[in-house]
Structure formats: C-alpha cells, structure tokens
Amino acid sequence: MKVTQQQVAEALGRGTPLSLSLISSWESTRKPVVPPANRLAQYALFFATRRTIESNPARLLEEHELTEDERTARDVMHADLLSLRSFGDPVLDEPDTWPQRLMSAGAVGDALSGGTWFFPDQRPIIIVSGSMSPRLRSLMPYADLKNPDYVRSYSLADLDALIELHGHIRAVNPAAEVRILRSEEMNEDDFTAHLVLLGGGDFNSVNRDITRRLELAVRQQLRPSEKDTGFFSTADGTTFKPVLDDTNGSLIEDVAHFYRGRNPYNSRRTVTLCNGQYARGTYGAVRALTDVRFRDRNEEFIQQRFRNAQAFSILMRVRIIPNGAVLTPDWTQAEDRLHEWPSDGEA
C-alpha cells in the first residue's frame, strides 16, 4: 500500500498535522535527523495496522482499539526502531561509547521518552527490592504466606519508591521486559540484566554484594537496629546523617544516594542504586528523575556535569515537610547536593 508523508504527518500530529519538512528530515537518506523516541513509538503504531490510513485524515489507533496481533506487531517494530535510533550505530554494546549510550541516552526536555531511565538496547530490566524484616512482616497479617489474603507486595521494602519507579521505567521502555524481584528471588541469569537496586543493604542482600564489588566514592553505613539512623560516608571521613526531630523523633531530612555505572556481573549492562537511610530517602532519590516538575532539569544537570563519565553518583538531601510528604531533590541547587562523584577535576 502506498503511504504518503502527508498521512504520516496527520497521524503523528493527532489532530494538528506535523510539518512535511519535519517528516522529510526524519526520512532523509542524505542528512537524516534522528527522531525523538516518542515519535518512534508513534511510527510503530502507525505501521502496525492498515487501519491507520483507512480514515481520512489518517489517525493513530488508541490502545483499546488494537487487536493482539497489532499490539505484537507494534511492539516488535518499536524495539527495532529503538535499537536503530541508538546514535546510528547498530553495535549497541560497544564499550568505548558505553557512557553516552547507557548512562544518559535520550534528549533533555523529553525525559519521558529518554533520559537516564531509558535503556536504548531494550534488554531486560530488573528492579531489585529488599524484603521487609521478619519483625515488620509479623505486624502485617497479609504478608504471611499462610494467610488466605496473602499479598506478595507487602513483603517488599520501599513500596512507594518501587511503585513510582516501576511505572516510569515501563512507560519509558515499552519494548523491554521489566520485572520486580526480591533480592533472594534472583537466579544466576537475573544478575546479568540491567539492575536497579532500591534501598540499602540492611534489607537488600544484592545491594550489599554489589557495593562490595563497585568502587563507590560514597559508602552507606548499615543501621545496627531500627533505632539507629546510620549514615553515609566519603573517603575523607566526612559523614552525612539524617535529621530527626528532637521532640518526637520524626524524620525532618534524610540522606540518599543515586549511582549509575556498569553492572559488575555484566559489563555491557548497567547498575543503578537508589538508596536512602530511610524509605522516604529512597523515594526521594527515585523521584529526582521521575517527578514531572524536576526530572528534566535534573537530567540536564546529569548531561552537563557527567557527560563523559563511566559512572557517577550524587549524594543528596531529601527534605520532609510537616505533613510527612517528600520534597523532590533539585540537583541544580547546590544545597540539595551533598557530594558528587566524579569531582570536576576527574569527570
């Protein structure tokens, strides 16, 4: 069937056709312009079904209108297009271009279809969650496997961060397999995927193992008991602790760490750490790159500050307001950043 650029412009514009010159720039064989990742999702949807051009003007079908075969065709096509988009090089795993491909892929200003949480190779992504301690699980009857109303999620630590991050990663990587596993559920093959570790080593044994294998500029001190705050420390001995209210013990300010680097179990995949001393710190570390109000500016900070780094980390302040809610850290503000690695001289 013959498809015109006008039909593509109509469908992708969703009521307001895109300019034909823009379509031409993406399809040019002489001086092509790489389209944004979200446009590739639309291209895949456009060509997944002939019904796209059966109407006049052409239109993209809604999700509920697609058949199972059309969904499959769209997903396969989208994965192919995403792999081709990865900076024009079919060899996605080439080591010398690893930082640009897997640490800061995607355009700033279009963070939902790019950015740090976009994995251009669309290989499996595993979010590794810690497990709640036996004492805490004993306080929740639905976390008991013998309970008829057993809910697996109640055994997972850092649920707020987990829910926030899982939805965002799925939205940004529609062609990738995204799974949630407790640290004790992982098998040998799982360790070689893109790993996203939530929470500290006190609840997450995979975090403990990986941090021993990584050359981290920041180390998290485990909390000997739930009454201890713990702390983060740097190589020069500087420590960073959460701030608690002296009158009632409530959390005023947490300390959290974000790290992105190579997966020590598979150098062609990434590992990302999001961990605070408390659950709301972990949530704040996640929100820094998912919150629609802050993610673009924080992505831009990463692009400018760590563009050529093989790995990077940010230790941040996570403020808690009186109603208990978490304020998203703004990495463009110096007071929200407690420590950065590599330093300016090393990056």
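Sequence order as written defines the numbering, with residues in each chain counted from 1. With pLDDT at 70 or above as the cut-off, local features in this predicted model cover only qualifying residues; side-chain atom pairs require 80 or more to be listed or tallied, and sums for whole chains, interfaces and linings still use all residues. Note that the side-chain values use all heavy atoms of the structure and ignore hydrogens as well as water.

Enquirer: Sorry, what's going on with the overall build of the chain here?
Expert: For the chain, the count of helices and strands is ten helices and eleven strands. The rule is simple: take the accessible area with a 1.4 Å probe, protein chains only, and divide by the maximum for that residue type; under 20% is buried, over 50% is exposed, in between is partly exposed. Counting over 347 residues, the chain shows a buried share of 48%. Only heavy atoms enter the contact rule, under which two residues are in contact if any of them lie within 4.5 Å. Once local pairs closer than 6 in sequence are excluded, the contacts in the chain between residues at least 24 apart make up 63%. We get accessible surface area from the Shrake-Rupley algorithm with a probe of 1.4 Å; when it comes to residues, only the shown protein chains can shield them. When the accessible surface of the chain is split by element, carbon and sulfur atoms take 51% of a total near 17,100 Å². Each helix is a run of DSSP H or I of at least 4 residues and each strand a run of E of at least 2, with the numbering of both proceeding from the N terminus.

Enquirer: Sorry, what's going on with the side chain of Asn173 here?
Expert: Its location among the elements puts Asn173 in the loop between α7 (159–172) and β2 (178–182). N or O atoms closer than or at 3.5 Å make up a polar contact, with two conditions inside protein: a donor-capable atom paired with an acceptor-capable one, and, for residues adjacent in sequence, both atoms drawn from side chains. Among the polar contacts made by the side chain of Asn173, one reaches the main-chain carbonyl oxygen of Trp117 at a distance of 2.7 Å. Here Asn173 is in contact with Trp117, Phe118, Phe119, Gln122 and Ile125, once residues within four sequence places are set aside.

Enquirer: I'm lost on the nonpolar core in this one. Help?
Expert: One recurring pattern in soluble globular proteins: nonpolar side chains tend to sit buried together. Buried Ala, Val, Leu, Ile, Met, Phe, Trp, Tyr and Cys residues that are joined via side-chain atoms within 4.5 Å together make up what is termed a nonpolar core. Ranked by internal contacts, the top residues of the largest apolar core, which has 33 residues, are Trp117, Ile127, Leu165, Ile169, Leu198, Phe258 and Trp331. Those elements that provide at least two residues to this core are β1 (125–129), α7, β3 (194–198), β8 (251–263), α9 (279–287), α10 (295–305) and β10 (312–319). Leave out the neighbours within four places in its chain, and Phe258 touches Thr116, Trp117, Thr272, Leu273, Cys274, Ala285, Leu289, Phe312, Ser313, Ile314, Met316 and Trp331.

Enquirer: I tried to follow helix α8 (residues 205–213) on my own but got confused; where do I start?
Expert: Helical periodicity: at 3.6 residues per turn, an α-helix aligns residues three or four positions apart in one direction. All buried positions along α8 are accounted for by Val206, Asn207, Asp209, Ile210 and Thr211. Where α8 is buried, its residues touch β1, β3, β4 (218–221) and β9 (266–276).

Enquirer: Just checking my understanding: could you explain a nonpolar patch on the surface for this structure?
Expert: On the surface, Tyr142, Val151 and Tyr154 cluster together into a nonpolar patch covering about 240 Å² of accessible area. Checked against the element boundaries, Tyr142 lands in the loop between α6 (134–138) and α7. A patch is a set of surface residues, each over 30% in relative accessible area and not in a salt bridge, joined within 9 Å for like charges and within 5 Å for the nonpolar side chains Val, Leu, Ile, Met, Phe, Trp and Tyr. We define a salt bridge as a side-chain nitrogen of Lys or Arg found within 4 Å of a carboxyl oxygen belonging to Asp or Glu.

Enquirer: I'm lost on the pattern of salt bridges in this one. Help?
Expert: Considering all chains together, one arrives at 22 salt bridges under this definition. A salt bridge links Asp190 to Arg179, with the shortest nitrogen-to-oxygen separation between them at 2.6 Å. Of this pair, Asp190 sits in the loop between β2 and β3 while Arg179 sits in strand β2; the two residues are eleven residues apart in sequence, bridging distant segments of the chain. For Asp190, a relative accessible area of 5% puts it in the buried group. It is possible to trace a salt-bridge network through shared partners that takes in Glu63, Glu68, Arg71, Arg74 and Asp75.

Enquirer: Please explain the sheet that holds β4 as it appears in this structure.
Expert: Neighbouring strands of a sheet are bound in pairs by backbone hydrogen bonds; such pairs are parallel or else antiparallel. Strands are treated as partners if at least two bridges between them are detected by DSSP. Spatially, the three strands line up as an open sheet ordered β4-β5-β6, and their pairing is antiparallel. Looking at which strands have only one partner, the edges of the open sheet turn out to be β4 and β6 (239–240). As paired strands, strand β5 (residues 231–234) and β6 are joined by two bridges and run antiparallel to one another. Within β6, the residue paired with Ser233 across the bridge is Thr239.

Enquirer: Can you help me understand the pairing of β10 in this one?
Expert: Each regular strand carries side chains that alternate between the two faces of the sheet. Counted residue by residue, β10 has six buried out of eight residues, so it is predominantly covered. Strand direction decides the pairing type here: β10 and strand β11 (residues 337–341), joined by four bridges, are antiparallel. Each residue of the ladder has a partner; that of Ser313, found in β11, is Trp341.

Enquirer: Would you explain unusual backbone geometry in this entry?
Expert: Trans is the common state for peptide bonds, and a negative phi is the common state for residues other than glycine. With omega at 5 degrees, the peptide bond leading from Asn56 into Pro57 counts as cis. Among the secondary structure elements, Pro57 is positioned in the loop between α3 (37–47) and α4 (68–85). With omega at 0 degrees, the peptide bond leading from Trp341 into Pro342 counts as cis. Positive phi outside glycine occurs at Arg14, with the angle close to 50 degrees.

Enquirer: Can you walk me through the environment of Leu84 in this structure?
Expert: When you line up the elements, Leu84 lands in helix α4. Residues Leu84 and Pro120, 36 residues apart in the sequence, show an inter-C-alpha distance of 9.1 Å.

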